[in-house]
Amino acid sequence: MSHDSAPKPLTSSLGSPLTGTIRVPGDKSISHRSLMFGALAVGRTTVKGLLESEDVLATADAMRAVGATITKLEDGSYTVDGIGLGSLLEPEHVIDFGNAGTGVRLTMGIFGSHNIAATFVGDASLSKRPMGRVLNPLRDMGTNVIARDGDRLPASIRGPEQALPITYRVPMPSAQVKSAVLLAGLNAAGETTVIEPIPTRDHTEKMLKGFGADISVSVNEAGERVIKLQGQPELKPQDIDVPGDPSSAGFPLVAALIVPGSDVVIENVLLNEHRTGLITTLIEMGGDISIVNRRETGGEEVGDLHVKASKLKGITVPADRAPSMIDEYPVLAIAAAFAEGDTFMPGLEELRVKESDRLAAVARGLEANGIPCVETEDTLTVTGGADAIGGGTVVTHLDHRIAMSFLVLGMAAHKPVTVDDGAVIATSFPTFTGLFDGLGAKISANTSEAA
Ligand code: S3P
C-alpha cells in the first residue's frame, strides 16, 4: 500500500501514431462508493467493472475491517455482503489508506457517526493532506478526534453514542467534504443538510438514492445546491455496473490529440455532467472529439469517445468549470503545451491540496521540459508551441496524475520525458502502461534504453 518503497522511473518517447479501440478501468469515485454503500446496506450488492487499483482496494479493506464481506468472483465482478448501517464493528487494526484521499475522507464520515474507535494512516503524500475539512464537521456531529498537528494523518476518531444531524455549508468546492458529511448523516437521527455553493460531482447523492436513502436536492434563492438527507434509513443492496473513468480517459484522450496521425476510440466512458469539463475544454481548443453511442446505465450517461489528432489553440478555461475537471488540469496542461498561443487556467486553488501541490508539480514539470508557463497562487498559464520540448525528468511527489500526464507529454515531445516514479500510477490506473503499449506508445522502465 505504501509508496515509501523504491521509486520506479519510467520514460516515454515519440513513437508511431496511437491507434485502436480501448476501455479505461472503472470510475474511481463510483468504485469507492459502491464498496462503501454496499457495506452499509443489508444484503448482497454486486459490482461489475470495479476499479481494481490500490486506492479502491484500500477502501475494500477498510469496509472488511468493520465487518463487510467483499469477495471477487471468477467472472471478475465483486460481491459486497453488507453489515448494515448502525451495525459497524470496531476495527481491530489501524486502517491504512495508502495514497487515497477519497477513501480516507469518505470512510471517516461513515465511521465518525458510529460509536466505534478507528485510527487512520496513509503514505507520505496522504499524511501531508488536510483532514480538518472533514474532521471539523464530524466534531460538530459529536465525534472525538485526535489528529497530528494541522489535522493531518495519523488520526484517530471515536464516534458518539448518538451523532447529531447538522446543517453544513461546504466551504470549498469538494465532493469529498460534501460526501463525508452526508455519509456521517446517514447514522444521525434526523435531517442532515449540506449546502453546496459550487456544484461538485454528485455520485454520493445519486447512488445513495439508488440504495434507497431518503435524499433530496434543490436549489435555493442564492443558487446553491441544498441536499437534505433523512438519517437512519435501511439501505437496500444494489447491482452496480461501474462505467469507465473519465479522469483516466483524459490520458489517452489528450495523447491521441497531440500524437500526430492518431485515431483512438475510448469506449464506455462516464459522461456525468460534473465530470466532463476536460472534454468540453479540449473541444473548445479545437480537438476533434466526437461522442458516439450515448446511452444510460445505472442512472448515469455513458458514451464512446472518438478522438483524432488535432491542431489545438490556446483558450481561457472558465474558473467555474474547475470542479468538473479538477483532476484533469495536469493533463490539460500537456495539451496546452501543444496548442497555439496561451492557455489560461484560473480557479485552481484546490490543486494545491491534491496528492501533491499539483499546481507547483505541473509548473516544475513543464519547466523541466522547456515549456514556458506562469504559475500564480491559483492560476496557470501555459504557452504552447515551444521548440524542442521534452528531455526532462519530472518529480512526481507520489502523485499518479503527475506521472501519467508527463508520460503523455513524452509521447509527443521532441525528446523523451522521464518521470521519477511510475509505481504510484497503480493507485488509480494499474493498466496504464499496458493499455498505451497496445495503442502504439513507447513507455519504458529503462531510461537509458528509451533515450
Ligand atoms: C473525488 C472528489 C475530488 C477529486 C477526487 C475524487 C470524489 O476531490 O479530486 O479525485 O470521489 O469525491 P475533492 O473533493 O477534494 O475536490
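Computed from a predicted model, the values in this text were never measured in an experiment.

Extensive coverage of helix α9 (residues 329-337) is indicated by the burial of 9 of its 9 residues. Taken together, the buried positions of α9 are Y329, P330, V331, L332, A333, I334, A335, A336 and A337.

So, about the packing of helix α7 (residues 246-258) against helix α8 (residues 277-284). For the pair α7 and α8, the least separation of the axes is 11 Å and the interaxial angle reads 10 degrees. Relative to α8, the element α7 is oriented roughly parallel. Here G250, L253, V254 and L257 of α7 come into contact with α8, specifically with L278, I279 and L282. For the contact of α7 with α8, the class distribution of residues is 6 nonpolar, 1 polar and no charged.

A separate point is the domain arrangement of the protein. Domains assigned within the protein are domain 1 (10-26 + 243-449) and domain 2 (28-188). Between the C-alpha centres of domain 1 and domain 2 there is a distance of 29 Å. With 21 residues of domain 1 at the interface, the matching set in domain 2 holds 19 residues. Both faces combined, the contact of domain 1 with domain 2 buries some 1500 Å², and carbon together with sulfur accounts for 53% of it. Along the contact surface separating domain 1 from domain 2 lie 2 salt bridges. E355 serves as the salt-bridge partner of R129, at 3.8 Å between the closest nitrogen and oxygen.

Our next topic: the UniProt feature "binding site: phosphoenolpyruvate" (unreviewed entry) in the protein. Under the UniProt annotation, the feature "binding site: phosphoenolpyruvate" (unreviewed entry) is placed at K28, G101, R129, Q176, R358 and R401. Among the secondary structure elements, K28 is positioned in helix α1 (residues 28-40). Looking at where Q176 falls in the secondary structure, it is placed in helix α5 (residues 175-186). When its relative accessible area of 12% is taken as the criterion, Q176 is described as buried. Of the polar contacts made by the side chain of Q176, one reaches the side chain of T102; its length is 2.7 Å.

This part is about the site of the ligand. The local shell around the ligand consists of S29, R33, T102, P173, S174, A175, Q176, R201, I326, D327 and K354. S29 places a side-chain nitrogen or oxygen 2.7 Å from an oxygen atom of the ligand. Here an oxygen atom of the ligand and a side-chain polar atom of K354 are 2.7 Å apart. Mapped onto the shell around the ligand, the elements with two or more residues apiece are α1 and α5. For the shell around the ligand, the class distribution of residues is 3 nonpolar, 4 polar and 4 charged. The two domains that each donate at least three residues to the shell around the ligand are domain 1 (10-26 + 243-449) and domain 2 (28-188).

An order of β4-β5-β3-β14 is seen for the 4 strands of this open sheet, with the pairing classed as mixed. Each edge of the open sheet is held by one strand with a lone partner, namely β4 (69-72) and β14 (239-241). Across the sheet, the mean angle separating the axes of adjacent strands is 15 degrees when strand polarity is ignored. With 3 bridges connecting them, strand β3 (residues 42-48) and β14 associate as parallel partners. Bridge pairing links T46 to D239 in β14.

All right, on to helix α12 (residues 432-439) then. For α12, every residue scored as buried is listed here: F432, L435, F436 and L439. The buried residues of α12 occupy one face: seen down the axis, they fall within an arc of 95 degrees. Packed against the buried residues of α12 are β2 (19-23), α7, β15 (263-270), α11 (400-412) and β25 (442-444). In the segment just after α12, G440 is the residue with positive phi, at about 110 degrees.

All right, on to the environment of I389 then. Its place among the elements puts I389 in the loop between β22 (380-383) and β23 (393-394). Residues I389 and A368 lie 21 residues apart in sequence; the distance between their C-alpha atoms is 9.2 Å. In this view, I389 contacts F338, N369, G370, I371, L409, A413, H414 and K415; residues no more than four positions away in its chain are not counted.

Let us look at the packing of aromatic side chains. Evaluation of the coordinates by the stated rule reveals 6 aromatic pairs. With 5.8 Å between their ring centres and 90 degrees between their planes, F37 and F211 make a pair best called edge-to-face. Of this pair, F37 sits in helix α1 while F211 sits in the loop between α6 (203-210) and β12 (215-219), placing them 174 residues apart in sequence. Residue F37 shares its accessibility class with F211, and that shared class is buried.

Further remarks concern the UniProt feature "active site" (unreviewed entry) in the protein. As annotated by UniProt and renumbered to match this structure, "active site" (unreviewed entry) occupies D327. Note on placement: D327 falls in the loop between β18 (312-313) and α9. Those residues in contact with D327 that lie beyond four places of it in its chain are R201, S247, K354, R358 and R401.

Here we come to the packing of α9 against α11. At a closest axis distance of 8 Å, the pairing of α9 and α11 adopts a crossing angle of 15 degrees. The pairing of α9 with α11 is recorded here as roughly parallel in orientation. Handedness of the crossing formed by α9 with α11: right-handed. Residues P330, V331 and I334 of α9 form the contact with α11, whose own contacting residues are R401, I402, S405, F406, V408 and L409.

Definitions and cut-offs
- Residues numbered from 1 in each chain as written.
- Predicted model: local features only at pLDDT ≥ 70, side-chain atom pairs only at ≥ 80, totals over all residues.
- Heavy atoms only, no water.
- Buried < 20%, exposed > 50% of the residue type's maximum accessible area, 1.4 Å probe, protein only.
- Helix = DSSP H or I, 4+ residues; strand = E, 2+ residues; numbered from the N terminus.
- Axes fitted to C-alpha atoms, helices over the stretch in contact; angles between N-to-C directions.
- Parallel < 35°, antiparallel > 145°, perpendicular 65-115°, else oblique.
- Contact = heavy atoms within 4.5 Å.
- Nonpolar A, V, L, I, M, F, W, Y, C, P; charged D, E, K, R; others polar.
- Domains from an automatic or database assignment.
- Buried area = accessible area lost by both parts, 1.4 Å probe.
- Salt bridge = Lys/Arg side-chain N within 4 Å of Asp/Glu carboxyl O.
- UniProt positions renumbered as here; feature names shortened; annotations may be inferred.
- Polar contact = N/O pair within 3.5 Å; in protein donor to acceptor, adjacent residues only side chain to side chain.
- Near = heavy atom within 4 Å.
- Pairing = 2+ DSSP bridges.
- Arc of directions from axis to C-beta.
- Phe/Tyr/Trp six-rings, centres within 6.5 Å; stacked < 30°, edge-to-face > 60°.
- Left-handed = near helix turned anticlockwise from the far one by under 90°.

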